[in-house]
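Structural description and commentary
Below are the chains, spelled out letter by letter.
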Amino acid sequence: MPLKIVVGIKWVPNTTSVSIDEKTGTLIREGVPSVVNPHDLIAVEAALKLKDRYGGHVTAISMAPPQAILGLEHVIGMGVDEGILISDRAFAGADTLATSYTLAKAIEKIGDYDLVIMGHETIDSSTAHIGAQVASWLDIPYIYYAVNLEYIEDKHLLRVRRILEDSIEIYNLRLPGLVSIAMHSDVPRRVSLTNKLRARIEKPIRVWSNKELDLDPNCIGLRGSPTVVAKVEFMPKVPRKQEVYKDGDPKEAAKWLVERLVKEGLLKIPGGE
Amino acid sequence: MGTVPTKFDIIVVGAGPAGSSAAYTLAKKGFDVLLVERGRVVGSKNMFGGRVYLKPLKDIYPDFEKSAPIHRWVTKERISLIHNNDITSIEFEGKEATSFITYLSQLANWMAIKAEEEGAILLTEVTVDRFEVEDGRFTGIRVGDETLKSEVIIDAEGANRLLLERSGIVAPLKPKHVALGVKEVIKLAKDEVEKHFGLDENEGLAWILMGDITGGTPGGAFIYTNKDSVSVGLVVILDEAIENIDKHIYNYVEDLRLHPLLKRYFGGGRIMEYSAHLIPEDVWGMMPPQYYYDGLLITGDAAGFLLNLGYTYRGVDFAAYSGYLAAEAVEQAYSSGGPSKENLAVYKKLIEDSFIYRQLRKFRGVHSLMKNKRLFTLYPLIMNLTARNLFLPEDESLKVLEAFKKARKGRVSWFTLLKDLFMVVRQV
Ligand SMILES: Cc1cc2nc3c(=O)[nH]c(=O)nc-3n(C[C@H](O)[C@H](O)[C@H](O)COP(=O)(O)OP(=O)(O)OC[C@H]3O[C@@H](n4cnc5c(N)ncnc54)[C@H](O)[C@@H]3O)c2cc1C
Ligand SMILES: Cc1cc2nc3c(=O)[nH]c(=O)nc-3n(C[C@H](O)[C@H](O)[C@H](O)COP(=O)(O)OP(=O)(O)OC[C@H]3O[C@@H](n4cnc5c(N)ncnc54)[C@H](O)[C@@H]3O)c2cc1C
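1. Topic: the confidence of the model for chain B
- Averaged over every residue, the pLDDT of chain B is 92; residues scoring 70 or more account for 100%.
- Taken over the whole predicted complex, pTM reads 0.88, whereas the ipTM for its chain interfaces reads 0.81.

2. A word on the site of ligand 1
All names here are of chain A.
- Residues in contact with ligand 1 amount to 26 residues; listed here are only the nearest, Lys 10, Asp 40, Ala 94, Thr 122 and Thr 127.
- One nitrogen or oxygen atom from the main chain of Ile 9 is found 3.4 Å from a nitrogen atom belonging to ligand 1.
- One of the backbone nitrogen or oxygen atoms of His 129 is found 2.8 Å away from an oxygen atom of ligand 1.
- In isolation ligand 1 exposes 940 Å². Once the protein is present, 79% of that is buried.
- Of the residues contributing to the shell around ligand 1, the split by class is nine nonpolar, 13 polar and four charged.

3. Structural notes on the interface of chain B and chain A
- Facing the 24 residues of chain B at the interface are 19 residues of chain A.
- Interface of chain B and chain A: buried area, both sides summed, is about 1800 Å²; carbon and sulfur atoms make up 59% of it.
- Among the residues of chain B in contact with chain A, Val 4, Glu 125 and Glu 146 of chain B are the three that bury the most area, contributing 29% of the side total.
- Taken together, the elements giving at least two residues each to the side of chain B that touches chain A come down to β7 (121-123) and β10 (146-155) of chain B.
- In terms of residue class, the side of chain B that touches chain A is made up of twelve nonpolar, five polar and seven charged.

4. Examining the environment of Ser 192 of chain A
- Here Ser 192 of chain A lies in the loop between β13 (177-181) and α5 (193-201).
- Put simply, Ser 192 of chain A and His 74 of chain A are 118 residues apart on the chain and 9.7 Å apart in space, counted from C-alpha to C-alpha.
- In this view, Ser 192 of chain A contacts Gly 77 of chain A together with Glu 146 of chain B; residues no more than four positions away in its chain are not counted.
- Side-chain polar atoms of Ser 192 of chain A contact the side chain of Asn 195 of chain A, separated by 3.1 Å.

5. Points about the domain arrangement of chain B
- Domains assigned within chain B are domain 1 (7-46 + 104-173 + 283-364) and domain 2 (377-427).
- Taking the mean C-alpha position of each, domain 1 of chain B and domain 2 of chain B sit 46 Å from one another.

6. Looking at the sheet that holds strand β7 (residues 82-86) of chain A
All names here are of chain A.
- Ordered in space as β9-β13-β8-β1-β6-β7-β14, the seven strands form an open sheet in which the pairing is parallel. Each edge of the sheet is formed by a strand with only one pairing partner; in this case those strands are β9 (142-146) and β14 (205-208). Ignoring which end each strand starts from, the neighbouring axes of this sheet average 20 degrees apart.
- Both strand β1 (residues 3-8) and strand β8 (residues 115-118) contribute to a ladder of three bridges, which runs parallel. Following the sheet pairing, Ile 5 is matched in β8 by Leu 115.

Basis of the calculations
- Residues numbered from 1 in each chain as written.
- Chains lettered and ligands numbered in written order.
- Predicted model: local features only at pLDDT ≥ 70, side-chain atom pairs only at ≥ 80, totals over all residues.
- Heavy atoms only, no water.
- pLDDT = per-residue confidence, 0-100.
- Near = heavy atom within 4 Å.
- Polar contact = N/O pair within 3.5 Å; in protein donor to acceptor, adjacent residues only side chain to side chain.
- Areas by Shrake-Rupley, 256 points an atom, 1.4 Å probe, with all protein chains shown as cover.
- Nonpolar A, V, L, I, M, F, W, Y, C, P; charged D, E, K, R; others polar.
- Contact = heavy atoms within 4.5 Å.
- Buried area = accessible area lost by both parts, 1.4 Å probe.
- Helix = DSSP H or I, 4+ residues; strand = E, 2+ residues; numbered from the N terminus.
- Domains from an automatic or database assignment.
- Pairing = 2+ DSSP bridges.
- Axes fitted to C-alpha atoms, helices over the stretch in contact; angles between N-to-C directions.

This is the structure:
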């Protein structure tokens, strides 16, 4: 049975070029080009690998302003079948609760799905809330930080591998279910000429506003967001000691370095003093 | 909704000024056009100094002034010779303008949107790896392991012509053929730009500086006023730079920005971006043997269609106009029976009959001036010493000629000086 997969992608400011306004504590987003959250491209890659192997249909969804069409075109260029942009002023100002609620309702509207795949976390907010919250709204099981997915067709289960510090865990996930993919666990494929052409010519992207989703205004956007940002504080600058070892001998240098680190209490040598 | 085609009439490679104007003009004429750009968004890979001449763009886009992203009209031109902490300038100012200042990224974007509006299909983040060739005819593009066919390819890939190299049409660029440009954009409030540079609303300054600011390397610096920012940068001849320059080229831009007489212009501004790009310099040395091949037309920087006037470049308008002529050539070829090699040859004629070719010929010698290092270090020094002798007298004032003679003495012979002067007057 081919898999029907939904992937969540977030349209984020390219934080490698974002700075923070020290006075207001807000991101200076002006003129900063946005991109698809890089960890989400790995989620897309995981979905496409499943599709390559077992067949199926991949839908990307993104709750974002209209420019995020470019992001959906990008993942369609990679091989995603269709995109849904959830975009409405009514959704603006959402915290993770309101965001996950809206995404979950959109996934419900898509209706027929076996698997939802999310990224590890985003580069602009990095809460890693969305996966678990969406799964909770949908009342489906979820597993975070997967590195490898395999579909066991006859049982309609997903075999999920994840790597912890001292062990490898393997789960059988009942479907429909949700997984988030560990960051850096794979490399997203390039867009292909034909798929990108398809994105431009067939335009397989739908835009859903709250007219289509018809959600209670008290559950979405700013009104549906109970979180309050009380204050943003800057980390105080920690004065750093700088010492340079000038002599060329690497053995002596290593000894010198270890002695310093022990003296500063940063390194303990078992048995030694 | 439509189905994905496997062939286009025309595939244009590169959505810079050359490619987008070709795609726009062809789509408007009813051709099926695909415009392919490797950048994630159009304009992300394009960089230039700041000034564009209007007329050629207006010929292509009748509504240009109304809807194009024009920051300021150049009403003030300043050319400065700089040595140490002295600057001697000549300035022209008026109320009319035939050129404007803009961000190339915005202009390129606008041009690509115009092409899309006429029905061209734009593909970003797709890098063409090479051209498909069958029996000597260029028949399409290859991206990874996919191909797409076309009747005609328009190459608008810019100065770094990897596709032409891979097709065996040109040899790899040599450092002596190109210059390196680096630039910073510094954010200022709109009224600060106007206050700092003495401009009214919509008025702009194009400022060229020559002298020790490039560390003795032939080249020059530029400053352009955008709407609410200033572009500052410099251009150095690459082979000379490789030999002479001992610090990162970025430091020269920084020196410029922090120069005691210049830094006040940028005071309080935040650096928004830093970029670097190659510019064709010895355009006659790097031109491909022909501009047209069987199924292929070459436009813009890739063809070497860039004019160096010594005090300014004309690259954007030349590129755009060559793209326009390529589109005209394709249409004419079709109406003479089809885009065969013979019929596409009309492109050569269109180029050679145009201002592009006339201008390139007329200013052909400017490049040779770039070899003359005296122009970039010694004469700026002498001019500034002359100004010092003239304007900073102790008690007795000097006559102009006296001031000059005193500055020249022991630095350059009259013979060399007159020879150089003659060269400059003849070429520029
Ligand atoms: C206190 C607070 C206040 C906020 N206020 C605002 C605000 O006023 N305006 C504003 O724009 N944002 C605001 N945000 C940010 C916004 O709520 C979150 O960015 C958003 O809910 C997603 O959370 P995240 O980025 O941490 O995603 P994570 O939970 O780290 O993301 C995990 C995965 O979920 C998926 N995902 C996340 N977001 C989306 C999405 N939008 N569409 C599709 N898939 C997605 C991706 O696959 C992603 O990899 C606020 C956040 C907080 C914590
Ligand atoms: C520092 C500097 C200052 C300048 N100052 C001025 C000035 O003040 N005024 C002026 O008129 N001109 C100026 N120029 C020159 C001007 O920028 C160029 O002449 C002009 O941009 C050329 O246009 P083009 O379309 O030929 O090439 P480009 O603008 O270089 O565009 C080529 C496009 O092709 C794309 N591309 C390349 N290879 C591929 C591929 N294989 N597949 C897909 N896409 C590809 C590139 O990403 C790029 O977008 C300056 C240049 C520099 C570097």
